[in-house]
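# Structural description and commentary
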Amino acid sequence: EDTRHHPFGVRSRAQVSQLKRLLLMMITLIYAQLILGAALRHTGGPLVALSHIVSAFFVLVHAVAIGVRTFHDFPCEEKFTRPALFLGWFTLLQTALGMGAFIYRISLRDIVQVPAGKIFFVTAHQTVGALVLAGAVFFALRVCRRGSDG
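Cut-offs applied
- Residues numbered from 1 in each chain as written.
- Predicted model: local features only at pLDDT ≥ 70, side-chain atom pairs only at ≥ 80, totals over all residues.
- Heavy atoms only, no water.
- Patch = residues over 30% accessible without salt bridge, like charges linked within 9 Å, V, L, I, M, F, W, Y side chains within 5 Å.
- Areas by Shrake-Rupley, 256 points an atom, 1.4 Å probe, with all protein chains shown as cover.
- Salt bridge = Lys/Arg side-chain N within 4 Å of Asp/Glu carboxyl O.
- Helix = DSSP H or I, 4+ residues; strand = E, 2+ residues; numbered from the N terminus.
- Buried < 20%, exposed > 50% of the residue type's maximum accessible area, 1.4 Å probe, protein only.
- Expected span 1.5 Å × (residues − 1).
- Contact = heavy atoms within 4.5 Å.
- Polar contact = N/O pair within 3.5 Å; in protein donor to acceptor, adjacent residues only side chain to side chain.
- Phe/Tyr/Trp six-rings, centres within 6.5 Å; stacked < 30°, edge-to-face > 60°.
- pLDDT = per-residue confidence, 0-100.

## A word on a nonpolar patch on the surface
A cluster of nonpolar side chains, Leu47, Leu50, Val54, Phe57, Phe58 and Val61, forms an exposed patch at the surface whose accessible area comes to about 590 Å². Tracing the backbone through its elements, the reader meets Phe58 in helix H2 (residues 46-73). The exposure class of Phe58 is partly exposed, given its relative accessible area of 42%.

## Points about the pattern of salt bridges
Oppositely charged side chains can form a pair if their charged atoms are brought close together. On inspection of all chains with the given rule, the structure shows 2 salt bridges. Here Arg69 and Asp73 are joined by a salt bridge, their closest N and O atoms 3.1 Å apart. With Arg69 and Asp73 both in helix H2, this residue pair falls 4 residues apart, about one helical turn. On the basis of relative accessibility, which here comes to 3%, the residue Asp73 falls in the buried class.

## A few points about H2
Its 28 residues give H2 an end-to-end C-alpha distance of 40 Å, which sits within 8% of 40 Å, the value for a rise of 1.5 Å per residue. Ala49, His52, Ser55, Val59, His62, Ala63, Ile66, Gly67, Thr70 and Asp73 are the residues of H2 that are buried.

## So, the environment of His62
Secondary-structure assignment places His62 in helix H2. Classification of His62 by relative accessible area gives buried; the value is 17%. With 29 residues separating them in the primary sequence, His62 and Thr91 have C-alpha atoms 9.7 Å apart. Apart from the residues within four sequence positions on either side, His62 is in contact with Leu22, Met25, Met26 and Leu29.

## Observations concerning the environment of Leu24
Tracing the chain through its elements places Leu24 in helix H1 (residues 10-43). Owing to a relative accessible area of 45%, Leu24 belongs among the partly exposed residues under this scheme. Each C-alpha atom, one on Leu24 and one on Ala140, is 6.9 Å from the other, the two residues being 116 residues apart in sequence.

## Things to note about the side chain of His125
Secondary-structure assignment places His125 in helix H4 (residues 115-149). For His125, a relative accessible area of 19% puts it in the buried group. Among the polar contacts made by the side chain of His125, one reaches the main-chain amide nitrogen of Gly98 at a distance of 3.2 Å. If we ignore the near neighbours within four places in the chain, the residues touching His125 are His52, Gln94, Leu97, Gly98 and Ala101.

## Remarks on the packing of aromatic side chains
Summed over the entire model, instances satisfying the criterion amount to 5 aromatic pairs. Ring plane angle 80 degrees and centroid distance 4.9 Å describe the contact between Phe74 and Phe80, whose orientation is recorded as edge-to-face. Taken individually, Phe74 and Phe80 each receive the classification buried, so the pair is uniform in this respect. Linked through ring pairs, Phe74, Phe80 and Phe139 together constitute an aromatic cluster.

## Thoughts on the confidence of the model for the protein
In this model, the protein carries an average pLDDT of 87, and 86% of its residues clear a pLDDT of 70 or more. When pLDDT is averaged over each helix and strand of the protein, the minimum, 89, is found for H4 and the maximum, 95, for H2.

What follows is the structure, given as structure tokens:
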């Protein structure tokens, strides 16, 4: 019997467990990103900047993996698909804002200093980062609750 979409089937428990691991890893990566972002904001060091960019790539990869896993394993469960969409779109937005913040803070710092653009990108990047963390924690709690139901 195929228990892939069965609410509490054996395969479903394994799928919940895999999704839970991905989410916990993503939360850890996002938390590390917050620390690296704060270090970058206060020191501006090139090694910290590189670490922040590389770590952002891993966060983005995890967001994609979580979205793919969710829509493959739980396509009809809005309690999972909605947070997965939120996480995916906001991680993508966060990446775009990070690129804007990088351009204003690093690439354009000596050429042109447009205060409104810099303030917008840096502040929005920081704020959306907090929303991505909150979304990942919310989704992880929802998945943990589902795992304990079965």
